[in-house]
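For reference, the chains in residue letters:
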There are 2 protein chains.
Amino acid sequence: MTQLIRARMGETTDEMRAVAADERLDAELVRSEVAAGRMVIPANTVHLKQGLRPIGIGIAARTKINANLGKSSLSSDIVCEVEKMLLAVRYGADTVMDLSTGADIDDVRRRIIAAASVPVGTVPIYQVAEQLDDIAEMEPKHFLDVVEQQAAQGVDYMTIHAGILRDHLPLTENRVTGIVSRGGALTAKWMTVRGQENPFYTHFDALCEIMRAYDVTWSLGDGLRPGCLADASDEAQFAELRALGQLGRRARQLGCQVMIEGPGHIPLHQIERNVRLQQEWCDGAPFYVLGPVVTDIAPGYDHITSAIGATMAAWYGAAMLCYVTPKEHLGLPDRDDVRQGVIAYKIAAHAADVARGRPGAADRDLALSRARFAFDWDEQFRLSLDPETARTMHAQSRAQPADGTRYCTMCGPKFCSMKTTEELRALGRRYPNAR
Amino acid sequence: MTQLIRARMGETTDEMRAVAADERLDAELVRSEVAAGRMVIPANTVHLKQGLRPIGIGIAARTKINANLGKSSLSSDIVCEVEKMLLAVRYGADTVMDLSTGADIDDVRRRIIAAASVPVGTVPIYQVAEQLDDIAEMEPKHFLDVVEQQAAQGVDYMTIHAGILRDHLPLTENRVTGIVSRGGALTAKWMTVRGQENPFYTHFDALCEIMRAYDVTWSLGDGLRPGCLADASDEAQFAELRALGQLGRRARQLGCQVMIEGPGHIPLHQIERNVRLQQEWCDGAPFYVLGPVVTDIAPGYDHITSAIGATMAAWYGAAMLCYVTPKEHLGLPDRDDVRQGVIAYKIAAHAADVARGRPGAADRDLALSRARFAFDWDEQFRLSLDPETARTMHAQSRAQPADGTRYCTMCGPKFCSMKTTEELRALGRRYPNAR
């Protein structure tokens, strides 16, 4: 019994009530959004028993952010990845994905799920690929077994690239960066070598059965997401998106919750169109986008290039933003990269929530601004997305005034505009006619 | 003879030709844009003789970015500020503003102008305020003398808050953060204590005369820009913007080039409206915006909060973006903050140029993406906004493959999607029917 099936039957679950309280929404609205497939509550029944705090992802809720973690065969270890997860959650990640590859990935996943209060997502093909010399050897049964195993471990949502079809592959031939989704590229290779249709597509109903049994939410992967601006919004991308829309409908028919994944690399002026097409073709299913980065020319700063695109995507209607760290395109993120990525995406999600006029979204901005005007530094830091960094930067400024002084090193006492405004307001009372 | 007067007389100056070549525009288009007041070429005749490279700022040109520098009475020194200027220009700042306060500011300015190949802007009221115990003592003659002195030094554009009028002050009384422009706050204090109208407004024609003599470009300051989301787009801000539009017309009548400054702190959904109103009320004069930051809750990360707003402002039509560094609201930027601010704004300007479809804007994205797909790391770094940072991050990744290996630590050899795409394309040739 998934949240979707129960919502359709008119039942308001504990998880829906928790989401409603968290979002300041009516529980009945949450139920109806879940029933309509416009909101998902990724909550594997196994993880729920281990203390998962359910969240709602969808247009009616606050914009959510995901932090990707995971070791590779070349870097990091289990302890480090669990620490990164805790750090990401501390700074406000709403979900995490364990994208580990290499040895011990079962163990990493088990430890992350046990320690995570937030939903955990995975990409099961990574484990299958790890166990084989060549992805072309994969049998559908093998993949189904891995999905079942991960579901039984408590994974809350899974990215499976079921929408990349044989017909789509010729559409990528002239692309500048080809297929940049790891799962998409592996799936394409399988199809090409075996000369068969996508096995996740042909075995979709069987996969849905497993997902439904544990209430694992589908995150229908965009294996053909563009890897550069030049490939954005091309035929390959949109052909797959149409297929994802169909699969989403099928999954919901079978009682499964569904999110749809989106790009990637998209120039500014194409973001709105990408979101609108997803909403139209996928019946308003929650759109889970990676960035998008809005220029390719800033490796080392892709948390910024992508936070710009992510803010706009969320404003136009994306429901969850997958973070990108400064190390994107260059290496695996370390702890500091995780922090930078999460904060950049908290900014993106929050700015979009303010612009979308979500009830109460701008309250924190107002409270912090009042503290700023009152020279209440402690309160200002407390309300910040990253209090420690703000406090450190403030303290680093040379010739820091003693606590309680009503100016800072930015302008000094004579040029502090807020101090001048204070004087001005006092003057206004003394010289009322001067106004 | 200013660029504006010469353009109106039908003359295409060397500076217009240089701008045209730089922008890949027709020289006649540049001339007509300058004549119409939609483009400015801030080039003080004194600075031109010292080797200034002229640039064009306006809707027809690439989006420009400005880096603010300057010591305060509490922090930094001359050498440090000159170094910051050179650093900012190296990373791509199109102009710099010297916002120094405290002692020695004449000397700082002189040294920065001498060393700067880019236009230099200032805010002359800072020097006046520095010389007085209280701004209320300022006499208009004193201010005019300082403007003349700075013009003679070679300052290319000046921010003067001539549009904040007595009638506007009551509109700020219920603001959360009052008047956050330093120049605006000082001007307001002067008006309130003296019970007189804004002296820059009443002496506007005399100021224009000085500006015209050296071809100093007006940067009409927005003294009432909002200092938080709650104050954005309020009556005070827009009343001043209307006055700036009038002053701009008057300045152009008197032969002066004019930019209009804009906010500040603006939520996402109000940015387009702000740009449209500026274009309408100011006759398409170049809009020079500070950020805007799109949320108040991220001190320490305001290069990001503001790069998001700046990208959108530029996309909607702003001509120049004034950077914000991570230290904004906390202290004076150090060298690393300057770099972070400049890169964030290069990203914003470039992303907007791509979205606005400027000829050739996306060429560098394409070239970098081709290098990325070809595993040509050196070329990828060379084309990056910050090659050194990208190279360092790549090198820091543990277990770095030897040069020439066609994968990186991000995914490792087995999960490299670009490597898989290569294999796939080779397979496609071997198994053409499999497709």
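This text goes with the structure placed above it.
Note that the structure is predicted; figures quoted are calculated from it, not measured. (Residues numbered from 1 in each chain as written. Chains lettered and ligands numbered in written order. Predicted model: local features only at pLDDT ≥ 70, side-chain atom pairs only at ≥ 80, totals over all residues. Heavy atoms only, no water.)

Peer 1: How should I be thinking about the pairing of strand 7 (residues 217-220) of chain B in this particular structure?
Peer 2: For a regular strand, the rule is simple: side chains alternate between the two faces of the sheet. Residues and elements named next belong to chain B. Residues of strand 7 alternate between two faces, with Thr217 and Ser219 on one and Trp218 and Leu220 on the opposite face, all of them buried. Relative to strand 7, strand 6 (residues 157-160) runs parallel, the two being bridged by 4 bridges. Bridge pairing in strand 7 places Tyr157 opposite Thr217. Of the pairings in the sheet, the one linking strand 7 to strand 8 (residues 258-262) comprises 3 bridges and is parallel in character. Its bridge partner lying in strand 8, Leu220 is registered against Ile260. Remark: the strand 7/helix 12 (residues 235-253)/strand 8 crossover connection has right-handed handedness. (Buried < 20%, exposed > 50% of the residue type's maximum accessible area, 1.4 Å probe, protein only. Helix = DSSP H or I, 4+ residues; strand = E, 2+ residues; numbered from the N terminus. Pairing = 2+ DSSP bridges. Right-handed = clockwise from strand over helix to strand, strands pointing away.)

Peer 1: Help me understand the interface of chain B and chain A in this model?
Peer 2: The extent of an interface is frequently quoted as the accessible surface area lost upon association of the parts. Counting residues at the interface gives 116 residues for chain B, matched by 116 residues for chain A. Counting each side, the surface lost to burial between chain B and chain A is near 9800 Å², with a carbon and sulfur contribution of 67%. Scanning the region where chain B abuts chain A turns up 2 salt bridges. Residue Lys189 of chain A pairs with Glu423 of chain B through a salt bridge whose shortest N-O separation is 2.8 Å. In this structure, the connection of chain B to chain A is made through 30 residue pairs in polar contact (both at pLDDT 80 or more). Residue assignment for the side of chain B that touches chain A shows that the elements contributing at least two residues are helix 7 (125-131), helix 9 (182-194), helix 14 (302-316), helix 15 (335-355), helix 16 (363-373), helix 17 (377-382), helix 18 (387-396) and helix 19 (417-430) of chain B. The element best represented in the side of chain B that touches chain A is helix 15 of chain B, accounting for 10 residues. Taken together, the residues of the side of chain B that touches chain A break down into 60 nonpolar, 35 polar and 21 charged. (Contact = heavy atoms within 4.5 Å. Buried area = accessible area lost by both parts, 1.4 Å probe. Salt bridge = Lys/Arg side-chain N within 4 Å of Asp/Glu carboxyl O. Polar contact = N/O pair within 3.5 Å; in protein donor to acceptor, adjacent residues only side chain to side chain. Nonpolar A, V, L, I, M, F, W, Y, C, P; charged D, E, K, R; others polar.)

Peer 1: Can you walk me through the relation of the copies chain B and chain A in this structure?
Peer 2: Think of it as a corkscrew move, a rotation about one axis and a shift along it, taking one chain copy to the other. Least-squares fitting of chain B to chain A yields an RMSD of 0.0 Å, with the transformation described by 0.0 Å of translation along the axis and a rotation of 180°. Given the turn and translation reported, the copies of this chain are related as if by a two-fold rotation axis. Closest approach to the rotation axis among the C-alpha atoms of chain B is made by Ile308 of chain B, whose C-alpha sits 2.5 Å away. A shared interface surface links the copies, since 100% of the contact residues of chain B are contact residues in chain A too. (Least-squares fit on C-alpha atoms with pLDDT ≥ 70 in both.)

Peer 1: Help me out: how do you make sense of the nonpolar core in this one?
Peer 2: Soluble globular proteins tend to bury their nonpolar side chains together. Membership of the largest hydrophobic core comes to 249 residues, with the highest contact counts inside it found for Trp218 and Leu321 of chain A together with Trp218 and Leu321 of chain B. Once residues within four sequence positions are removed from consideration, Leu321 of chain B is found in contact with Thr63, Lys64, Ile65, Asn66, Tyr288, Val289, Ala310, Ala314, Tyr345, Ala348 and Ala349 of chain B. Counting 13 residues, the second-largest nonpolar core is a separate cluster that includes Val30, Ala43, Ala60 and Ala61 of chain B. (Core = buried A, V, L, I, M, F, W, Y, C linked by side-chain atoms within 4.5 Å.)

Peer 1: Would you take a moment to explain the environment of Phe287 of chain B for this structure?
Peer 2: Residue and element names in this part refer to chain B. Relative to the helices and strands, Phe287 is located in strand 9 (residues 287-290). Residue Phe287 is classed as buried on the basis of its relative accessible area, which comes to 4%. Along the primary structure Phe287 and Ile59 are separated by 228 residues, whereas in three dimensions their C-alpha atoms are 8.7 Å apart. Every residue in contact with Phe287, bar those within four places of it in the chain, is listed here: Ile260, Glu261, Gly262, Pro263, Asn274, Val275, Gln278, Ala318, Ala319 and Met320.

Peer 1: Got a minute to help me understand the side chain of Gln270 of chain A in this structure?
Peer 2: Residue position: Gln270 of chain A is located in the loop between strand 8 (258-262) and helix 13 (271-281). Apart from the residues lying within four places of it in its own chain, the contact partners of Gln270 of chain A are Ala232 and Ser233 of chain A.

Peer 1: Please clarify how the packing of helix 5 (residues 78-90) of chain A against helix 6 (residues 105-115) of chain A should be interpreted in this entry.
Peer 2: In helix packing, the relevant descriptors are the interaxial angle and the interaxial distance, both defined with respect to the helix axes. Residue and element names in this part refer to chain A. Relative to each other, helix 5 and helix 6 sit at 30°, their axes nearing to 10 Å. In terms of orientation, helix 5 lies roughly parallel with respect to helix 6. Seen along the crossing, helix 5 lies across helix 6 with a hand that is right-handed. Contacts between helix 5 and helix 6 pair Ile78, Val79, Glu81, Val82, Met85 and Leu86 from the former with Asp107, Val108, Arg111, Ile112 and Ala115 from the latter. (Axes fitted to C-alpha atoms, helices over the stretch in contact; angles between N-to-C directions. Parallel < 35°, antiparallel > 145°, perpendicular 65-115°, else oblique. Left-handed = near helix turned anticlockwise from the far one by under 90°.)

Peer 1: How do you make sense of the sheet that holds strand 5 (residues 120-122) of chain A when you look at a structure like this?
Peer 2: All names here are of chain A. Reading around the barrel, the 8 strands line up as 3-4-5-6-7-8-9-10 and close back on themselves, with parallel pairing between neighbours. Averaged over all pairs of adjacent strands, the angle between their axes in this sheet comes to 25°, without regard to strand direction. Pairing of strand 3 (residues 64-69) with strand 10 (residues 320-322), which is carried by 3 bridges, proceeds in the parallel orientation. Bridge assignment links Lys64 to a residue of strand 10, and that residue is Met320. Against the sheet, helix 12 (residues 235-253) touches strand 7 (217-220) and strand 8, its axis set at about 170° to strand 8. Running over the sheet, helix 15 (residues 335-355) touches strand 3 and strand 10 and is turned about 160° from strand 3.

Peer 1: Whenever I open this one, the pairing of strand 3 of chain A confuses me. Can you help?
Peer 2: Residue and element names in this part refer to chain A. Among the 6 residues in strand 3, 6 count as buried, and that is most of the element. Burial along strand 3 is two-sided: Lys64, Asn66 and Asn68 and Ile65, Ala67 and Leu69, pointing in opposite directions, are all buried. Looking at chain direction, strand 3 and strand 4 (residues 95-98) are connected through 4 bridges and run parallel. Looking across to strand 4, one finds that Asn66 is bridged to Thr95. In this region the chain leaves strand 3, passes through helix 5 and returns to the parallel neighbour strand 4; the handedness of that crossover is right-handed.

Peer 1: How should I be thinking about the packing of aromatic side chains in this particular structure?
Peer 2: Both the distance between ring centres and the angle between the ring planes are used here to describe each pair of aromatic rings. Summed over the entire model, instances satisfying the criterion amount to 14 aromatic pairs over all chains. Summarising the aromatic geometry, the rings of Tyr126 of chain A and Phe415 of chain B are spaced 5.4 Å apart at their centres and angled 70° between planes, so their arrangement reads as edge-to-face. Pair noted here: Tyr126 of chain A is in helix 7 (residues 125-131) and Phe415 of chain B is in the loop between helix 18 and helix 19, and the two residues belong to different chains. Look at Phe415 of chain B and you get buried, because its relative accessible area is 2%. Measuring from ring centre to ring centre gives 5.4 Å for Trp315 of chain B and Tyr316 of chain B, while their planes differ by 20°; the resulting arrangement is stacked. One residue, Arg242 of chain A, lies across the ring of Trp281 of chain A, its end atom 4.1 Å from the ring centre. (Phe/Tyr/Trp six-rings, centres within 6.5 Å; stacked < 30°, edge-to-face > 60°. Lys NZ or Arg CZ within 6 Å of the ring centre and 35° of its normal.)

Peer 1: Looking at this structure, I do not really get the packing of helix 5 of chain A against helix 15 of chain A. What am I missing?
Peer 2: All names here are of chain A. Their axes nearest at 10 Å, the elements helix 5 and helix 15 cross at an angle of 25°. When the axis of helix 5 is compared with that of helix 15, the two are roughly parallel. The interaxial crossing formed by helix 5 with helix 15 has right-handed handedness. Where helix 5 approaches helix 15, its residues Cys80, Glu83, Lys84, Leu87 and Ala88 are matched on the opposing element by Arg335, Val338, Arg339 and Val342.

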